[in-house]
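# Per-entry structural report
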Amino acid sequence: MEPMNETATKDEQDPQTGSERVFAFFRGKVLSGELRTGDRLPAERDLAAQLNVGRPLLRETMRSLAMLGLVDIRHGSGAFVGKADISVLTNFFTFSLAQEQNVSEDIMQARMAIECQAIRLACERATDSDLDRIGGCLTALINTLSDPEKGGMADFRFHAAIVQASHSQALITLYKAISELLMQNHVERRQVTHKTPKVIDDLVESHRQVFLSIVEGDGDAADHRLREHFAIGDELRRKSIIAAFSSGGMAE
Ligand SMILES: [Zn+2]
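About the cut-offs
Residues numbered from 1 in each chain as written. Predicted model: local features only at pLDDT ≥ 70, side-chain atom pairs only at ≥ 80, totals over all residues. Helix = DSSP H or I, 4+ residues; strand = E, 2+ residues; numbered from the N terminus. Rg over C-alpha atoms; globule rule 2.2 N^0.38 Å. Buried ≥ 20, exposed ≤ 12 C-beta atoms within 10 Å, placed from the backbone. Contact = placed C-beta atoms within 7 Å. Axes fitted to C-alpha atoms, helices over the stretch in contact; angles between N-to-C directions. Parallel < 35°, antiparallel > 145°, perpendicular 65-115°, else oblique. Pairing = 2+ DSSP bridges. Core = buried A, V, L, I, M, F, W, Y, C linked by C-beta atoms within 7 Å.

Let us look at the overall build of the protein. A count of helical and extended segments in the protein gives 11 helices and 2 strands. Secondary structure elements in the protein, listed N-terminal to C-terminal, are α-α-α-β-β-α-α-α-α-α-α-α-α. For 252 residues, the compact-globule estimate of 2.2 N^0.38 gives 18 Å, and the protein exceeds it by more than 25% at 25 Å. Along the first, second and third principal axes, the C-alpha set of the protein runs to 85 × 50 × 30 Å. Here the protein holds 252 residues, and the buried ones make up 25% of them. In the protein, the share of contacts with a sequence separation of at least 24, taken over all contacts with a separation of at least 6, comes to 72%.

Structure below.
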């Protein structure tokens, strides 16, 4: 006699297995293309029976999927497949990577991997409006050189516009996922470099070269100039630190 357990199904005693089954069902249907954004999911009662989970557990798992933007629960009409919200991924990366050591250096490696492939694709695929947008970002970058906050953001937008011009949804999504960290990284770097005039000139010229290589549509040259841009950025930062230490009364 176990009256307390009478209403609980076997799976509610093992919730992990049950909710994993719900996730797996959902993931499988979306991956196979059987379920698309906006499609209605089977009724709760049917789904619970099909997956052999209790309805309370099913409801709870659906709420988790809804929090990730994967399911849209409309009261009275059921649950629908949602359009995954990239901000969830951005938050995830920001929280998980921010706790790592040397996150700035590591995020630079991810940037290089994504941007170097993106710029090659941009050389083949960039439309006139993409080029206009990248050019506009370059102008904004030139106009905000004295302000590390605005200048750092303009620099970020310039690079994001290049990734956008790749027209690769996967690269764009990955780049967005690390965008919070990239913005922070751009602004921090700019705070170090923005007071050194030589650094500022090199910064503008380096971006201009990258932009021109996309306009020319030369993938190899673009990749090469972008890698140079990354290397120069690193060197400029070092020079700025040296300049700050030699003129800023740091001796003794
Ligand atoms: Zn840059």
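As a further point, take the packing of helix 7 (residues 148–164) against helix 8 (residues 169–177). Across the interface, helix 7 lies against helix 8 with an axial gap of 9 Å and an inter-helix angle of 155°. Compared by their axis directions, helix 7 and helix 8 come out roughly antiparallel. Each of Ala 160, Val 163 and Gln 164 in helix 7 lies in contact with helix 8, whose residues at this interface are Leu 171, Ile 172 and Tyr 175.

To continue, consider the pairing of strand 1 (residues 71–74). Alignment of strand 1 against strand 2 (residues 78–81), held across 4 bridges, turns out to be antiparallel. Bridge pairing links Arg 74 to Gly 78 in strand 2. Here strand 1 folds back onto strand 2, and the loop between the two strands holds 3 residues, one of which, Gly 76, carries a positive phi near 95°.

Membership of the largest hydrophobic core comes to 26 residues, with the highest contact counts inside it found for Ile 119, Ala 122, Ile 134, Ile 162 and Ile 214. Of all the elements in the fold, those that place two or more residues in this core are helix 5 (103–125), helix 6 (128–143), helix 7, helix 9 (179–193), helix 10 (197–216) and helix 11 (219–247). In terms of residue count, the dominant contributor to this core is helix 7 (7 residues). Apart from residues lying up to four places away in sequence, Ala 122 is in contact with Ile 162, Ala 165, Ser 166 and Ile 214. Val 22, Phe 26, Met 62 and Leu 70 belong to the second largest nonpolar core, which has 12 residues in total.

Here the focus is the environment of Val 163. Positionally, Val 163 belongs in helix 7. Take Val 163: there are 24 C-beta atoms within 10 Å of it, and that puts it in the buried class. With 12 residues separating them along the chain, Val 163 and Tyr 175 place their C-alpha atoms 7.6 Å apart. In this structure, Val 163 is in contact with Ile 114, Glu 115, Ala 118, Leu 171, Ile 172 and Tyr 175, ignoring residues within four places of it in sequence.

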